[in-house]
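# Examination of the molecular architecture
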Amino acid sequence: MTLRGVIVAVEAEKTVETQYGERSLAEITIRPDDGRGDPVTVTLWGKWTHTAEHAEPGMELLVTDPEEDEFRGETTYSTGSDTHVVLEPGFLVDVTAVRSWVQCPRMYYLNKLSGIPLNYPVVKGTVVHEVFGDLLRGLDLEDSVQNRVAEAGLELGLLGYEQDEVENEVRRNAAAIEGWLQQGTLTEEDAWRSEYTLISPTYGLKGRADALRRGMPVELKTGKNTNREPRFQDKIQAVCYALMLRERGVPVNTGTLLYTKNTALDRNEQSGDLAPAKEFSVGDGLLNFVVRQRNEIAAMEFDASVPTGFEADAKCEYCFEQDTCMVVSGRLDQESKAGQVGTPLPDEEREYFDRFYRAIEEERRETHAEYRKLWEQTPEERADDDRALIDLEPTGQRQIDGERWELRARKPGDAVSKLREGDVAMASDGDPVTGHSELVRIRQLGEEVVVTADEPVDLCRLDVYPSEISVDRMLTALHDSLLKADPDRKDVLFGRRDPEFRDDAETYIDNNEAQNDAVNRAVNAEDFALVHGPPGTGKTYTIARTVRALVEQGDRVLVSAFTNRAVDNALEAIRDQGLGAGREESDVVRVGTETGVREDMLDIRLETEGRPNDRAAELQQAPVVAATTASCGSRVMREQQFDVALVDEASQLTEPATLAAINRADRFVLVGDHEQLPPVVRAENDLQTSLFERLIDQSPEAGVMLDRQYRMSQRIQAFSSREFYDGALKPASGEVAGRHLRDIGVDPADLPAEIRNPVSFVDPDGRREGNTNPREADRVAEIVDAVQSAGVPAEDIGVIAPFRAQVAEIGRRTDVTVDTVDRFQGSSEEVIVVSFVATGDLDGPIFEDYRRVNVALTRAKRALVLVGDAGALASEPFYARLLDWARR
DNA sequence: GCTCTGCGGAGAGGA
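Along each chain, numbering runs from 1 in the same order as the chain's sequence is written. Chains carry letters from A onward and ligands carry numbers from 1 onward, assigned in written order. Only residues with pLDDT of at least 70 are given local features in this predicted model, and only at 80 or more are side-chain atom pairs given and counted; all residues enter the totals for whole chains, interfaces and linings. The side-chain figures draw on all heavy atoms in the structure; neither hydrogens nor water molecules are used.

An unreviewed UniProt entry lists chain A under the name DNA helicase, with Salinirubrum litoreum given as the organism. Word for word, the UniProt comment on chain A under Catalytic activity (unreviewed entry) is "ATP + H2O = ADP + phosphate + H(+)". UniProt positions are given in the numbering used here, feature names are shortened, and annotations may be inferred rather than shown by experiment.

Structure (structure tokens):
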């Protein structure tokens, strides 16, 4: 039995006399989640009072296997022999975080804040781990060493390492592993498996064990340890995995640490215990200790407080992070055991840091809520939520290169989900949390689903695997921009100084004054420039022309955007300017994964595998580098410096995500449109406003608005121009203004009367059902058919709906592109049909942000058909104006 | 990457 609920009261610890002597206890009252709602009291005995000290009203508490008692007619609970007390079980702490917390709570905080830098021990450690996995999967040691070192080519090159010396070192590490493995495999056939992903609903833990041997966790350490016992923090890591395995019913009582530098080669010169593998027994004491440590972290994060180092017996004089720790606490004016050095940041910067730190941590909690849905939702609910494909029928498994696995399954019916080809996902036998699951990469997602994995699994279900990476990257960007950035940069970001511009004026673009102004602004910016580009105004061309001008004046340029698609769009235009002719030129380099980068840009994609020096040179010598903002926060990109960072679709980026890109450069140019979609964030907080929007408000003089659009007819653009751009948006020419279906060979007479006008409104009299409206979907499909029959090719028609469910509903009825507004941003079609779904009223956040409507309407070039419920639309002034305009 | 401690044991126990 598990007791679970929100804490309503926490009593102070007290000491009582029992028949077994003096014992301490603390009482916590919770309101259980069981629905009855009557508060119950739980008595925490002995060491669990430690957790009571960290508990606060409002936190969630989980108690496993409590003992039930009657006291004064009420049921009470207390901790027993099998009891674990867990604070905030919904907050998922990573196992490596528990490890660093145990070393020192400040270390945990510093790691979180500043990320893992690019350094040799880290890169080498990763390579050795990969070789270890390969050996477990039966690969040849020499092949594995060579392949894995080559794969790390770029990082090694940036660190100035040669392939041979790294191979030799990895070989030495791997030899220790192999020797030990051979002993084991002689007796234990098939008792191994590598890289085991675990998520714990009970303990609020997640992590990936390096390996399991006969079900027991094995952790690999690339260092040396000649003590008889494994290092304490290493044990902690293994104990976390043991705890999670026990939760799944595996009777784990042993953990193993494998120290790869404990080799026979050193035996002559070293004394001590040089066996690479050190086993230790996992008892209740350690398991409980780990739960209590995790509780400390969860409690600290509950109110976003900052650890000082006093929480544990940290001994700063031994710590390698002492200097960093003192600098961070000095600059952020934090209490710390190590002490402080340096002057604190100005108050407004401190306030900014705190505000965004909290906002990012809120976002992290929302990400954890996504994880929770893995076990809180039924498979059917997950599928309805578009977050999983369920009821897959496995059709085959085979081993492919490198002893990895390719798994196939048939997808029943026309199931849809957020999953995309190239995504990392969680494949399972049906239950991703308690069943057998593996992290996989999706290769193909049609009627047949194909994924690749390190280990085989029955491919019955595929789940979105939430990632904290963007949250982590935002934190490191925040850290870099406040603690490492040059003060000059901060002065303009905080509005203490106006951005400056050089006076030069040149003609870069001779047929569009605003675009030419924008390029001049960007090229002459001493600090930053902002380019406001409403739909169809040639943002991308302006960016490309700017990049060329910057490169010609000798600048090194970083081109970035939130999505891979936007980066590649910008790159395409940049290549049209004559840059990035091909790999030989290597003047433009695209940094990104093979699956993320668009096919026609793969020829300039930076290969990360190969000879270190060559790979590093390709990146370091490129005058133009393009990468997503998430990649800009990567270990590799954090080492790069640019003169100018140019960020496209900046209005869709959170402020810290934008910082990740602009931290890399002396000057920056943001291009965007704050009247289109804002950043996608889960929590409601400061992350919802983009840096672009904030700076446009703060320094309007740094901005140029592109005011001529090359996309929509006059009739189509009118509403958007009036409602969102104060009427300033104009067609670029008479040709654009007068665009009509006739120009592409369509006679309006061939269309049904109700959609004969360039902008029309149709009310199908449907009913909203959840996030769909089947009748409206029917009608949309009929309209699309009619448009096609009149002669518009399918590829020139697009359908936009607010919800993915309706997108799927319509998609079943037509072959043209159907997608959500959010996915349509950045593209356009000759004819656009918009399905509003809502009937009766316009309840729901999706309708509250009018910017979404702006995006939907401005995708159309020659014809726009709005399909919806007139009553619902008329119920709200903005939509009523839209309706009037469409029916005119 | 270091010099160190953090981990008990069956299991009930107070008012």
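Back to the write-up after that little detour.
## Here we look at the overall build of chain A
A tally of regular secondary structure across chain A gives 30 helices and 35 strands. With the radius of gyration taken over C-alpha atoms, the globule rule is written as 2.2 Å times the number of residues to the power 0.38. A compact globule built from 888 residues should have a C-alpha radius of gyration of about 29 Å, and chain A, at 30 Å, falls within 12% of that. Summarising its shape, the C-alpha atoms of chain A cover approximately 90 × 70 × 60 Å along the three principal directions. Summary of the burial criterion: residues with accessible area below 20% of their type's maximum are buried, those above 50% are exposed, and those between are partly exposed, where the area comes from a 1.4 Å probe applied to protein chains only. For chain A, the proportion of its 888 residues judged to be buried stands at 56%. Computed with the Shrake-Rupley method and a 1.4 Å probe, the accessible areas treat only the protein chains shown as cover for residues. When the accessible surface of chain A is totalled, it reaches about 36700 Å², and 43% of it is carbon and sulfur. Strands here mean DSSP runs of E at least two residues long; helices mean DSSP runs of H or I at least four residues long; both are numbered from the N terminus.

## Quick look at the environment of Q163
Within the element layout of this structure, Q163 appears in helix 7 (residues 163-187). In this structure Q163 comes out as buried when scored by relative accessible area, which is 11%. The spatial distance from the C-alpha of Q163 to the C-alpha of Q577 is 37 Å, given a sequence separation of 414 residues. When residues no more than four places from it in sequence are discounted, the contact partners of Q163 are V149, A150, R611 and P612. Note on definitions: a residue-residue contact is assigned when non-hydrogen atoms from the two residues lie within 4.5 Å.

## As for the sheet that holds strand 34 (residues 829-835)
Strand pairing is assigned whenever DSSP detects at least two bridges linking the two strands. On the basis of which strands lie adjacent, the open sheet formed by 5 strands has the order 31-35-34-32-33 and parallel pairing. Here the strands that pair on one side only, and so sit at the sheet edges, are strand 31 (759-762) and strand 33 (817-820). Looking at each pair of strands side by side, their axes are set apart by 20° on average, direction ignored. Pairing analysis gives 4 bridges linking strand 32 (residues 797-801) to strand 34, with the strands arranged parallel. Note on strand 34: the bridge partner recorded for V799 is V833. Think of each axis as a best-fit line through the C-alpha atoms, taken over the contacting stretch in the case of a helix, with angles from 0 to 180 degrees between the N-to-C directions. Here helix 24 (residues 774-789) sits on the sheet in contact with strand 31, strand 32, strand 34 and strand 35 (860-867), set at roughly 165° to strand 34.

## Points about the pairing of strand 22 (residues 528-532)
Most of strand 22 is tucked away, with 5 of its 5 residues classed as buried. Of the two faces of strand 22, the one lined by F528, L530 and H532 and the one lined by A529 and V531 are each fully buried. Pairing of strand 22 with strand 27 (residues 665-672) involves 5 bridges; the strand directions are parallel. Among the inter-strand pairings, H532 is bridged to a residue of strand 27, identified as G672. Note that strand 22 and strand 28 (residues 703-705) share 3 bridges and pair parallel. The partner of H532 across the bridge, within strand 28, is M705.

## Quick word on the protein's contact with DNA strand B
By nearness alone, 31 residues border DNA strand B, and R23, T43, V102, G285 and Y318 come closest of all. Proximity is defined per residue: any heavy atom of the residue falling within 4 Å of a molecule or strand makes that residue near it. Within 4 Å of the protein, the contacting atoms of DNA strand B are 29% sugar and phosphate, with bases supplying the remainder. Each polar contact in these results corresponds to two N or O atoms within 3.5 Å; when the atoms are within protein, one needs to be able to donate a hydrogen and the other to accept it, and residues that are neighboring in sequence are counted only if both atoms are side-chain atoms. One of the side-chain nitrogen or oxygen atoms of E27 is found 2.6 Å away from a base nitrogen of DNA strand B. Mapped by element, the contributors of at least two residues to the surface near DNA strand B are strand 2 (14-18), strand 3 (21-32), strand 4 (40-45), strand 6 (67-71), helix 2 (95-103), helix 8 (232-247) and helix 9 (284-302). Polarity classes work like this: nonpolar for Ala, Val, Leu, Ile, Met, Phe, Trp, Tyr, Cys and Pro, charged for Asp, Glu, Lys and Arg, and polar for all others, with Gly in that last group. Its residues assigned to classes, the surface near DNA strand B comprises 11 nonpolar, 9 polar and 11 charged.

## Here we look at the pattern of salt bridges
Salt bridges are defined as contacts in which a side-chain nitrogen from Lys or Arg sits within 4 Å of a carboxyl oxygen from Asp or Glu. This model, assessed by the stated rule, comprises 74 salt bridges. Notably, a salt bridge pairs R4 with E60, separated by 3.2 Å at the nearest N-O pair. Note that R4 is positioned in strand 1 (residues 2-10) and E60 in strand 5 (residues 60-64), a separation of 56 residues in sequence. With relative accessibility at 19%, the residue E60 sits in the buried group. E370 is paired through a salt bridge with R387; the nearest N and O atoms lie 2.6 Å apart.

## Here's the deal with the packing of helix 2 against helix 3 (residues 105-114)
Between helix 2 and helix 3, whose axes approach to 5 Å, the crossing angle comes to 135°. The pairing of helix 2 with helix 3 is recorded here as oblique in orientation. Along the contact surface, helix 2 presents A97, S100, W101 and Q103, while helix 3 presents P105, M107, Y108 and N111. For classification, angles of less than 35 degrees are called roughly parallel, those exceeding 145 degrees roughly antiparallel, those between 65 and 115 degrees roughly perpendicular, and all remaining angles oblique.

## What to know about the environment of K539
Following the sequence through the fold, K539 ends up in helix 16 (residues 539-552). In this structure, the C-alpha to C-alpha distance between K539 and E675, residues 136 residues apart in sequence, is 14 Å. If we ignore the near neighbours within four places in the chain, the residues touching K539 are G533, D648, E649, V671 and L706.

## What about helix 10 (residues 322-331)?
Three or more residues of helix 10 are buried, namely C325, M326, V328, S329 and G330. One or two steps after helix 10, the chain reaches D333, where phi turns positive at roughly 55°.

## Describing the pairing of strand 23 (residues 557-561)
The buried count for strand 23 comes to 5 of 5 residues, which makes it a mostly enclosed element. Alternating positions in strand 23 separate into two faces, V557, V559 and A561 on one and L558 and S560 on the other, with burial throughout. Of the pairings in the sheet, the one linking strand 23 to strand 25 (residues 624-628) comprises 5 bridges and is parallel in character. Bridge pairing in strand 25 places V559 opposite A626. Two strands pair when backbone bridges link them, and strand 23 and strand 26 (residues 642-647) are joined in this way by 4 bridges, in the parallel orientation. When the sheet's bridge partners are listed, L558 is paired in strand 26 with A645.

## Some thoughts on the side chain of D134
Relative to the helices and strands, D134 resides in helix 4 (residues 120-136). Residue classification places D134 among the buried residues on the basis of a relative accessible area of 3%. Polar contacts involving the side chain of D134 include one to the side chain of S144, which spans 2.9 Å. Ignoring anything within four residues of it in the chain, the contact list for D134 reads L139, S144 and R148.

## Topic: the UniProt feature "domain: DNA2/NAM7 helicase helicase" (unreviewed entry) in chain A
Annotation from UniProt places "domain: DNA2/NAM7 helicase helicase" (unreviewed entry) at residues 512-608 and 616-682. As a span, residues 616-682 carries 25% helix and 28% strand, and end to end its C-alpha atoms are 37 Å apart.

## A closer look at the sheet that holds strand 22
Backbone hydrogen bonds are what pair the strands of a sheet, in a parallel or an antiparallel way. Pairing is parallel across the open sheet formed by 7 strands, whose spatial order is 24-25-23-26-27-22-28. What marks the edges here is a single partner per strand, and that holds for strand 24 (588-590) and strand 28. Averaged over neighbouring strand pairs, the angle between their axes works out to 15° when direction is ignored. The sheet contacts of helix 21 (residues 691-698) involve strand 22 and strand 27, and relative to strand 22 the element is tilted by about 105°.

## Observations concerning the packing of aromatic side chains
Each pair of aromatic rings taken from Phe, Tyr and Trp, with Trp reduced to its six-membered ring, is defined by centres within 6.5 Å and is described as stacked if the planes are under 30 degrees apart, edge-to-face if over 60, and tilted in the remaining cases. This structure, assessed with the given rule, holds 20 aromatic pairs. When the ring of Y120 is compared with that of Y161, the centres are 3.8 Å apart and the planes differ by 10°; the resulting orientation is stacked. With Y120 in helix 4 and Y161 in the loop between helix 6 (153-158) and helix 7, this residue pair connects regions lying 41 residues apart in the sequence. Classification of Y120 as buried rests on a relative accessible area of 11%. When the ring of F847 is compared with that of Y879, the centres are 6.5 Å apart and the planes differ by 75°; the resulting orientation is edge-to-face. Here F847, found in helix 27 (residues 845-848), pairs with Y879, found in helix 30 (residues 877-887); they are 32 residues apart in sequence, far enough to count as distant. Classification of F847 as buried rests on a relative accessible area of 4%.

## Observations concerning a negative patch on the surface
A contiguous patch of negative charge on the surface is contributed by D38, D65, E67, E68, D69, E70, E74 and D82. When residues in the negative patch are grouped by element, the largest group, 4 residues, is from strand 6. Turning to its location among the elements, D38 is positioned in the loop between strand 3 and strand 4. Owing to a relative accessible area of 53%, D38 belongs among the exposed residues under this scheme. Only residues above 30% relative accessible area that lack a salt bridge enter a patch, with like-charged residues linked at up to 9 Å and the nonpolar side chains Val, Leu, Ile, Met, Phe, Trp and Tyr linked at up to 5 Å. In this tally, Asp and Glu contribute negative charge and Lys and Arg positive charge; neither His nor the terminal groups of the chain are included. Taken as the charge location is NZ of Lys, CZ of Arg, CG of Asp or CD of Glu.

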